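# Breakdown of the fold
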Amino acid sequence: MQLNDHEEVSTCTECQGCKKTDSLFCDLSVQELDIFSEKKADNFYKKGEVIFQEGSRGRGIYCVYKGKVKVYKIGDEAKERIVRFVKDGDVLGYRSLLSDEPYCATATVIEDSIICYVPKSKFMEVLKNNQNLAYKTIQMLSKDLKESERKIVHLHQKPVIERIAEALLILKEKFGISNETNTLDVVLTRREIGDLAGVTTETTIRTLSFLNKEGVLNLNGKRIELANLSQLVRLANLMD
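Residues numbered from 1 in each chain as written. Predicted model: local features only at pLDDT ≥ 70, side-chain atom pairs only at ≥ 80, totals over all residues. Heavy atoms only, no water.

If you tally the helices and strands in the protein chain, you get eight helices and 12 strands. For the protein chain, the proportion of contacts with a sequence separation of at least 24, taken over those separated by at least 6, is 73%. Accessible surface computed for the protein chain: about 12700 Å², of which carbon and sulfur atoms make up 48%. (Helix = DSSP H or I, 4+ residues; strand = E, 2+ residues; numbered from the N terminus. Contact = heavy atoms within 4.5 Å. Areas by Shrake-Rupley, 256 points an atom, 1.4 Å probe, with all protein chains shown as cover.)

Listed below in structure tokens is the structure:
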């Protein structure tokens, strides 16, 4: 595991130029974005590098300009338990920042990424004076809590095939699929898929192979095509 061996880049020097329409910060005024830009750092992380680590103290908030990130906790026998994935426009580190507590999970990039960093002082300056940003932050925290509860109740109490099917649908919802081939727009190892579903790597491999033979998936190396999406949804046995 590599720790923060990243380099500063100038790809997104001004927050005003960022066009992430679904970002937490997309509705900020020019003046508010300028406050962020004053002290913002844009850093390039190579695949596998750690943005922050469980137990360390947060001093700012991170926004993914380009790339993909996994957020995970270390469980029994040093096994990763993936909490969530993060993509372009998403933010990281806000819970630790707002609670003034150490990070409760580790964030690692799963492909080469550019991550913007805004110091706590600048984020709080804008948050305290912008009711809409405060409301959106509360919404984001509530959504995270709901998702965590859903995972506990549904994912880890289901049979293996349902866990794997739901994990693949979570990836589809988060990263999307190719319109032409229905291939997931993210490349993960079998271990990472298993970490998301809460099963072993060996079980993940067997289950994916079974779904491939049944025509539910098409496996092309690490690329996964959702060949029969309706059947995958039925296998996941999703509940509200």
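More follows now that the structure is in view.
Scanning all chains against the criterion turns up 12 salt bridges. Among the ionic pairs, lysine 40 bridges to aspartate 42, the shortest N-O distance being 2.5 Å. Accessibility assignment for this pair places lysine 40 and aspartate 42 in one class, buried. Taking the shortest distance from any N to any O, the salt bridge between glutamate 111 and lysine 68 comes out at 3.4 Å. Of this pair, glutamate 111 sits in the loop between strand 9 (106-109) and strand 10 (113-119) while lysine 68 sits in the loop between strand 5 (60-66) and strand 6 (69-74); the two residues are 43 residues apart in sequence, bridging distant segments of the chain. The partly exposed category is assigned to glutamate 111, whose relative accessible area is 32%. (Salt bridge = Lys/Arg side-chain N within 4 Å of Asp/Glu carboxyl O. Buried < 20%, exposed > 50% of the residue type's maximum accessible area, 1.4 Å probe, protein only.)

In the sheet, strand 6 pairs with strand 7 (residues 80-86) via six bridges, with the strands oriented antiparallel. Each residue of the ladder has a partner; that of valine 69, found in strand 7, is valine 86. In textbook terms, the turn of a hairpin is the stretch between consecutive antiparallel strands, and for strand 6 and strand 7 this stretch comprises five residues, one of which, glutamate 77, has a positive phi near 55 degrees. Strand direction decides the pairing type here: strand 6 and strand 9, joined by four bridges, are antiparallel. Each residue of the ladder has a partner; that of valine 71, found in strand 9, is alanine 107. (Pairing = 2+ DSSP bridges.)

The next thing to look at is the packing of aromatic side chains. Within the structure shown, the criterion is met by six aromatic pairs. Taking 3.9 Å as the distance between ring centres and 15 degrees as the angle between the ring planes, the aromatic pair formed by phenylalanine 52 and tyrosine 103 counts as stacked. Here phenylalanine 52 is found in strand 4 (residues 49-52), whereas its partner tyrosine 103 is found in the loop between helix 2 (94-99) and strand 9, with 51 residues between them in sequence. Grouping residues by exposure puts phenylalanine 52 and tyrosine 103 together as buried. (Phe/Tyr/Trp six-rings, centres within 6.5 Å; stacked < 30°, edge-to-face > 60°.)

Once that is clear, we can look at the packing of helix 1 (residues 30-39) against helix 3 (residues 120-127). One can describe the packing of helix 1 onto helix 3 by two numbers: an axis separation of 9 Å at closest approach and a directional angle of 170 degrees. Regarding the angle of helix 1 to helix 3, the classification is roughly antiparallel. Where helix 1 abuts helix 3, its residues Glu32, Ile35, Phe36, Glu38 and Lys39 lie against Lys122, Phe123, Glu125 and Val126. Residues of the contact of helix 1 with helix 3, tallied by class, amount to four nonpolar, no polar and five charged. (Axes fitted to C-alpha atoms, helices over the stretch in contact; angles between N-to-C directions. Parallel < 35°, antiparallel > 145°, perpendicular 65-115°, else oblique. Nonpolar A, V, L, I, M, F, W, Y, C, P; charged D, E, K, R; others polar.)

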